[in-house]
Amino acid sequence: MPAFAYRGRNSAGEIVQGVLEGATAAAVADMLFGTGVTPLEIKSAPDSALKKKDAGGGGIHLFGAKILHVDVLLFTRQIYTLLKAGVPIMRALAGLQESSMNPAMKTVLGQIRESLDAGRELSMSLARHPKVFTPFYLSMVRVGEMTGRLEEIFLRLFDHMEFERFMREQVKSALRYPSFVMIAMGIAMFVVNIWVIPAFAKVFQGFGAELPILTRVLIATSNFMVAWWHAMIGGLVAVAFGFRAWTHTESGRLKWDEVKLRIPIAGKIVQKATLARFARSFALATRSGVPIIQAMTTVALTVDNAYIAEKVERMRDNVERGESVLRAAISTGAFTPVVLQMIAVGEESGSLDEMMEEIAGMYQSEVEYELKTLAQQIEPIMIVMLGVMVLILALGIFLPIWDLGKVAMKK
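This one's a predicted model, so the numbers in the text were calculated from it and none came from an experiment.

## As for the overall build of the protein
Helix and strand counts for the protein come out as 17 helices and 3 strands. Buried positions account for 45% of the 411 residues belonging to the protein. Considering only contacts in the protein between residues 6 or more positions apart, those separated by 24 or more positions represent 62%. If you sum the accessible surface of the protein, you get close to 21900 Å²; carbon and sulfur atoms cover 63% of it.

This is the structure:
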């Protein structure tokens, strides 16, 4: 993501400045507001500024080590336990730094301590590491500082991150089986065309008879792959890199995230998992005292799907213009009638956070059910595809042999 240099005032009125990563300047502004900083100036920064920042204070790499989701999850749980036990924040961070097994996390914790020693708030100290702590995480910590419920916020963040980890793992496991089968089919087709069909083609050449059209198509395809296999592999590598580069652009990621939701069978699992993350994040934010508009802004950055995030931002804009959450949700077209009814009840009764929690649980249950029945849904499709592939190969190879047998019988 691009880097932006910012200058602003914190809650104490002091001037603060630094470099943050964000999709747009508006996203960086939302991130700063979430940490209690009022931005005065935000402008694009060269990549060298971000690299310098990462090297001096805020980097998450050390000798190749990386900070993973599980490291932040463990930190959140441990800091909650220490704060609940009455351990001062500086002592807690020192203990966590000493006990951390990840060198990169150890470095980040040391830099957070230095930032706190310099008089910064915890949320602002964490904000200096945007690759480690998400805008939603920072917003929640800021709410905990303002309300004096930092321990409770860290516990809720831990539960939320555990839920996110579970959903991601579930979706990955859902996509693993079909991906493996498709890759295996591709490898099988490659082996057959490079080694098997050429062997039969040599036999067919000795027949001296016209081959069936299906056999000629198979031989022509095999000859093409034998002659150009290196170019085809190079082309696939180029397409893979091109696709990766395209999905890293704003428009490319938006389009690909939309396409992912329309993939047969797997698409609805990804959609339900994404909406479950949205509902759980929104429930956590509103329950912690974050205003609805700001909650939707930060939640849009946590759903891990640009297409759904755009719909959440559209919801936020509609609510900001005075519409109800229900009407804003209906306009997105992303929610089922049952979910919309639950939102209506929650909004009318003043318990929207509880209803959003129920929605997250409902979507989670649906995802778990879809995953349990995934094999049953995919198996018939895979069997049909394998059957068609085997039928084409069998007819292409055995039809000439069958014709040869009929000629021999006539003689």
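And the narrative resumes.
## Focus: the packing of helix H13 (residues 306-320) against helix H14 (residues 325-332)
Where H13 contacts H14, the two axes come as close as 9 Å, and the packing angle between them is 145°. You can see that H13 and H14 cross each other, and the crossing is right-handed. In contact with Lys311, Arg314, Met315, Asn318 and Val319 of H13, H14 contributes Val325, Ala328, Ala329, Ser331 and Thr332.

## So, helix H4 (residues 89-99)
Restricting attention to buried positions, one finds in H4 the residues Ala92, Leu93, Ala94, Leu96 and Gln97. Packing partners of the buried residues in H4 comprise helix H3 (69-84) and helix H5 (103-117).

## Description of a nonpolar patch on the surface
A contiguous nonpolar surface patch, about 490 Å² in accessible area, is contributed by Ile183, Ile187, Val191, Trp195 and Val196. Looking at where Ile183 falls in the secondary structure, it is placed in helix H8 (residues 150-205).

## Side note on the pattern of salt bridges
Pairs can form between side chains of opposite charge whenever their charged atoms are close. All told, the structure shown has 16 salt bridges when counted by the stated rule. Across the pair Asp257 and Arg253 runs a salt bridge whose closest N-O atoms are separated by 3.5 Å. Taken as a pair, Asp257 and Arg253 lie in helix H10 (residues 250-260) at a separation of 4 residues, close to a single helical turn. Residue Asp257 is classed as buried on the basis of its relative accessible area, which comes to 3%.

## Focus on empty space enclosed by the protein
Here the structure, examined in full by the defined rule, presents 2 cavities of 30 Å³ or more. Around the largest cavity, the lining residues are Leu275, Phe278, Ile308, Lys311, Val312, Met315, Thr332, Ala334 and Phe335. Of all the secondary structure elements, the ones that give two or more residues to the lining of the largest cavity are helix H11 (266-287) and H13. Tallying contributions element by element places H13 first for the lining of the largest cavity, with 4 residues. Among the residues forming the lining of the largest cavity, the class breakdown is 7 nonpolar, 1 polar and 1 charged. A volume near 30 Å³ is recorded for the second largest cavity. Contributing to the lining of the second largest cavity are Ile197, Phe200, Phe204, Thr215, Leu218, Ile219, Gly396 and Ile397. Looking at the lining of the second largest cavity, the elements with two or more residues in it are H8, helix H9 (213-247) and helix H17 (374-410). Considered class by class, the residues forming the lining of the second largest cavity number 6 nonpolar, 2 polar and no charged.

## Regarding the nonpolar core
Judged by nonpolar contacts, the single largest core of 94 residues is most densely connected at Phe133, Tyr137, Phe154 and Phe335. Per-element accounting of this core gives the leading share, 12 residues, to H8. Counting 10 residues, the second largest nonpolar core, distinct from the first, contains Ile197, Leu211, Ile219 and Ile397.

## Remarks on H5
A rise of 1.5 Å per residue sets the reference length of H5, with its 15 residues, at 21 Å; its end C-alpha atoms lie 21 Å apart and thus fit the reference within 8%. Every buried residue of H5 is listed here: Ala104, Met105, Val108, Leu109, Gly110, Gln111, Ile112, Ser115 and Leu116. At the exit of H5 stands Gly119, carrying a positive phi of roughly 100°.

## Things to note about the side chain of Ser115
One can find Ser115 in helix H5. In this structure Ser115 comes out as buried when scored by relative accessible area, which is 1%. Separated by 2.9 Å, the side chains of Ser115 and Ser125 make a polar contact. Every residue in contact with Ser115, bar those within four places of it in the chain, is listed here: Arg120, Ser125 and Arg128.

## Quick look at the side chain of Thr274
By secondary structure assignment, the location of Thr274 is in helix H11. Under the relative-accessibility criterion, Thr274 is labelled buried at 1%. If near-sequence neighbours (up to four positions away) are discounted, Thr274 is found in contact with Val303, Asn305 and Ile308.

## Overview of the packing of aromatic side chains
Counted under the stated rule, the structure contains 8 aromatic pairs. Seen in terms of ring centroids, Phe133 and Tyr137 are 5.2 Å apart; in terms of plane orientation they differ by 45°. Their pairing is tilted. For the residue pair Phe133 and Tyr137, the accessibility class agrees, reading buried in each case. Aromatic rings pair up to connect Phe75, Phe133, Tyr137 and Phe154 into one cluster. Above the face of the Phe158 ring, Arg77 is positioned so that its terminal group lies 5.1 Å from the ring centre. Positioned above the aromatic ring of Phe163 is the side chain of Arg280, whose terminal nitrogen or guanidinium carbon lies 3.9 Å from the ring centre.

## Here's the deal with the environment of Met101
Turning to its location among the elements, Met101 is positioned in the loop between H4 and H5. Put simply, Met101 and Asp71 are 30 residues apart on the chain and 9.3 Å apart in space, counted from C-alpha to C-alpha.

## Let's talk about the environment of Leu211
For Leu211, the location among the structural elements is in the loop between H8 and H9. Once residues within four sequence positions are removed from consideration, Leu211 is found in contact with Phe204, Arg216, Ile219 and Pro400.

## Points about the packing of H3 against H8
At a closest axis distance of 9 Å, the pairing of H3 and H8 adopts a crossing angle of 155°. Between H3 and H8, the angle falls in the class roughly antiparallel. Two packed elements cross with a definite hand, and for H3 against H8 that hand is left-handed. Here H3 contributes His69, Val70, Val72, Leu73, Thr76, Arg77, Ile79, Tyr80, Leu83 and Lys84 to the contact with H8, which in turn contributes Leu150, Glu151, Phe154, Leu155, Leu157, Phe158, Met161, Glu162, Glu164, Arg165 and Arg168.

Cut-offs applied
- Residues numbered from 1 in each chain as written.
- Predicted model: local features only at pLDDT ≥ 70, side-chain atom pairs only at ≥ 80, totals over all residues.
- Heavy atoms only, no water.
- Helix = DSSP H or I, 4+ residues; strand = E, 2+ residues; numbered from the N terminus.
- Buried < 20%, exposed > 50% of the residue type's maximum accessible area, 1.4 Å probe, protein only.
- Contact = heavy atoms within 4.5 Å.
- Areas by Shrake-Rupley, 256 points an atom, 1.4 Å probe, with all protein chains shown as cover.
- Axes fitted to C-alpha atoms, helices over the stretch in contact; angles between N-to-C directions.
- Left-handed = near helix turned anticlockwise from the far one by under 90°.
- Patch = residues over 30% accessible without salt bridge, like charges linked within 9 Å, V, L, I, M, F, W, Y side chains within 5 Å.
- Salt bridge = Lys/Arg side-chain N within 4 Å of Asp/Glu carboxyl O.
- 1 Å grid on protein atoms, 1.4 Å probe; cavity = no way out; pocket = protein on both sides within 12 Å on 5 of 7 lines; lining within 4 Å.
- Points joined across faces, edges and corners; volume = space filled by probe spheres on them.
- Nonpolar A, V, L, I, M, F, W, Y, C, P; charged D, E, K, R; others polar.
- Core = buried A, V, L, I, M, F, W, Y, C linked by side-chain atoms within 4.5 Å.
- Expected span 1.5 Å × (residues − 1).
- Polar contact = N/O pair within 3.5 Å; in protein donor to acceptor, adjacent residues only side chain to side chain.
- Phe/Tyr/Trp six-rings, centres within 6.5 Å; stacked < 30°, edge-to-face > 60°.
- Lys NZ or Arg CZ within 6 Å of the ring centre and 35° of its normal.
- Parallel < 35°, antiparallel > 145°, perpendicular 65-115°, else oblique.

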